[in-house]
Each structure stands twice: as structure tokens, then as C-alpha cells.
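Descriptive structure summary
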Amino acid sequence: LLLAGLIMLTQGNRLFWVLAWPGTVLHEFAHYITGLVLLAQPSNFSVMPKPPTEDGSQDLGSVEFENLGWWNKLPIAVAPLAIFPICLFWANDLAFSWNAVTLFKAWILASGIAMCLPSRQDWKVGFSSPTGVAFYMAVAWLAFR
């Protein structure tokens with residue numbers, strides 16, 4: 001988790017894209033796989049960063065969909081959250097020693113943890129359908145009742 005925090009501290013720096021790239025791939029792959037499962041028809045997958053915008057935000061990757069509806073927007077938007085428990089599970093199994101393979105795995109894990117939160121754009125898309133939000137809130141309420 002410390003290494004993930006250090007990666008996040010480099011935001012706004014050119015080094016951030018390099019350190020966060022494996023996590024960006026995992027983040028966008030989570031959207032892509034969830035979109036496939038929920039029949040959103042992913043049409044474009046990119047993990048190449050675009051130049052920063054005027055407000056300083058940077059698009060590190062994206063997935064476009066042909067069939068986004070009220071029922072699949074929210075799960076696709078929050079799909080990267082699933083990366084966190086997967087990385088923690090994998091990290092728990094990692095026996096640390098100072099060699100290239102272990103350091104590479106640590107970089108992948110830290111980057112995955114650093115990039116597991118949905119982006120501002122993800123939240124915007126996920127909560128753009130009041131019907132979908134109400135539906136998933138009702139499902140959650142019934143599940144935890």
C-alpha cells in the first residue's frame with residue numbers, strides 16, 4: 001500500500017504514467033470485461049495517455065461502448081473497484097525477496113491498487129442514469145436487508 005501511495009504522489013508528473021501504466025491496463029480491462037459480460041459491446045480500448053487538458057486532468061486510457069444502457073452503466077463504471085481485493089489477495093501470497101521478479105510483481109500490485117478507483121469520468125457515466133442508480137440501490141437494499 002505504501003508503494004501505491006508513492007505512485008499516487010507522482011500524479012501530474014511524467015513519471016506517473018510510467019508507474020501507473022500496469023494499473024491503467026488493469027483499470028481499463030476491468031471496464032472492458034464487465035462491458036463484455038453485460039452486453040455493452042466494447043468498441044475501442046486504449047491504454048495510451050492523451051495530453052493533459054486545460055484543467056490539468058489526464059486521460060490515461062479509455063474504453064468506449066456501443067450499447068450502454070441504464071442497467072449496465074453503473075456496474076461498468078465501478079468495475080475497477082474489483083482490482084483492489086484481487087491485488088490484496090495476490091499480495092498476500094507474495095513472498096518478498098529482493099529480486100527482479102518480486103520487484104516487478106510489487107510494481108504491478110502497487111500500480112493496480114493505485115488505479116483501482118473509478119475515475120471522475122467513470123463516476124459521471126455510472127451515475128448518469130437515475131433509473132440505473134435506483135435499481136442498484138434497491139438491489140443492494142434487498143440483498144442486505
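Residues numbered from 1 in each chain as written. Predicted model: local features only at pLDDT ≥ 70, side-chain atom pairs only at ≥ 80, totals over all residues. Heavy atoms only, no water.

1. Quick word on the environment of Val 78
As for its placement among the helices and strands, Val 78 is situated in helix H3 (residues 73–78). Expressed as a C-alpha distance, the spacing of Val 78 and Ser 119, which sit 41 residues apart in the sequence, is 9.0 Å. Other than its neighbours up to four places away in sequence, Val 78 contacts Pro 118 and Trp 123. (Helix = DSSP H or I, 4+ residues; strand = E, 2+ residues; numbered from the N terminus. Contact = heavy atoms within 4.5 Å.)

2. A closer look at the side chain of Ser 62
Structurally, the position occupied by Ser 62 is in strand S2 (residues 62–65). Beyond its immediate stretch of four places on either side in the chain, Ser 62 contacts Glu 28, Asn 44, Phe 45, Ser 46 and Lys 50.

3. Considerations on the packing of aromatic side chains
If you walk through the whole model with that rule in mind, you get six aromatic pairs. An angle of 80° between the planes, with centres 5.4 Å apart, marks the rings of Trp 70 and Phe 135 as edge-to-face. Note that Trp 70 is positioned in the loop between S2 and H3 and Phe 135 in helix H7 (residues 130–143), a separation of 65 residues in sequence. Classification of Phe 135 by relative accessible area gives partly exposed; the value is 38%. Arranged with centres 5.8 Å apart and planes meeting at 35°, the rings of Trp 123 and Phe 127 form a pair that is tilted. You can call Trp 123 partly exposed: its relative accessible area is 35%. (Phe/Tyr/Trp six-rings, centres within 6.5 Å; stacked < 30°, edge-to-face > 60°. Buried < 20%, exposed > 50% of the residue type's maximum accessible area, 1.4 Å probe, protein only.)

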